[in-house]
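# Coordinates in review
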Amino acid sequence: MTNLKVHAPAPADLDGDLASLRGDCARMAPHWTAPEKTAARPVPPSLIHGVSVPAASARLLEAMPDYGN
């Protein structure tokens, strides 16, 4: 028979508090790197092509005041 016991690297605290969560995040932070920041440049409309919008979606957006009626 196979031994199916699994040992977690840290105790599983399902009811952890904020301090526990912050500690977990602090331990994981060195494992993640942020991408280099690059300045976003606007794209000229002449380069935007190949986008098709279904008529029903266009009508829906047209009817929404947030998108300009």
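Report on the accompanying structure. (Residues numbered from 1 in each chain as written. Predicted model: local features only at pLDDT ≥ 70, side-chain atom pairs only at ≥ 80, totals over all residues. Heavy atoms only, no water.)

## Thoughts on the overall build of the chain
Tallying secondary structure elements over the chain gives 2 helices and 0 strands in all. Scored against the burial criterion, the 69 residues of the chain give a buried share of 0%. Element-wise, carbon and sulfur atoms account for 62% of the exposed surface of the chain, whose accessible area totals about 7400 Å². (Helix = DSSP H or I, 4+ residues; strand = E, 2+ residues; numbered from the N terminus. Buried < 20%, exposed > 50% of the residue type's maximum accessible area, 1.4 Å probe, protein only. Areas by Shrake-Rupley, 256 points an atom, 1.4 Å probe, with all protein chains shown as cover.)

## With respect to a nonpolar patch on the surface
Residues Val43, Leu47, Ile48, Val51 and Val53 make up a contiguous nonpolar surface patch of roughly 520 Å² in combined accessible area. You can see valine 53 is positioned in the loop between α1 (18–28) and α2 (55–63). Since its relative accessible area comes to 53%, valine 53 is described here as exposed. (Patch = residues over 30% accessible without salt bridge, like charges linked within 9 Å, V, L, I, M, F, W, Y side chains within 5 Å. Salt bridge = Lys/Arg side-chain N within 4 Å of Asp/Glu carboxyl O.)

## Details of the pattern of salt bridges
All chains considered together, the criterion is met by 1 salt bridge. A salt bridge links aspartate 24 to arginine 27, with the nearest nitrogen and oxygen atoms 2.3 Å apart. Of the two residues, aspartate 24 and arginine 27 both sit in helix α1, 3 residues apart, roughly one turn of that helix.

## A closer look at the environment of arginine 27
Given the relative accessible area of 54%, arginine 27 is considered exposed. For arginine 27, the side chain forms a polar contact with the side chain of aspartate 24, separated by 2.3 Å. (Polar contact = N/O pair within 3.5 Å; in protein donor to acceptor, adjacent residues only side chain to side chain.)

On their own, these measurements won't tell you what the molecule is for.
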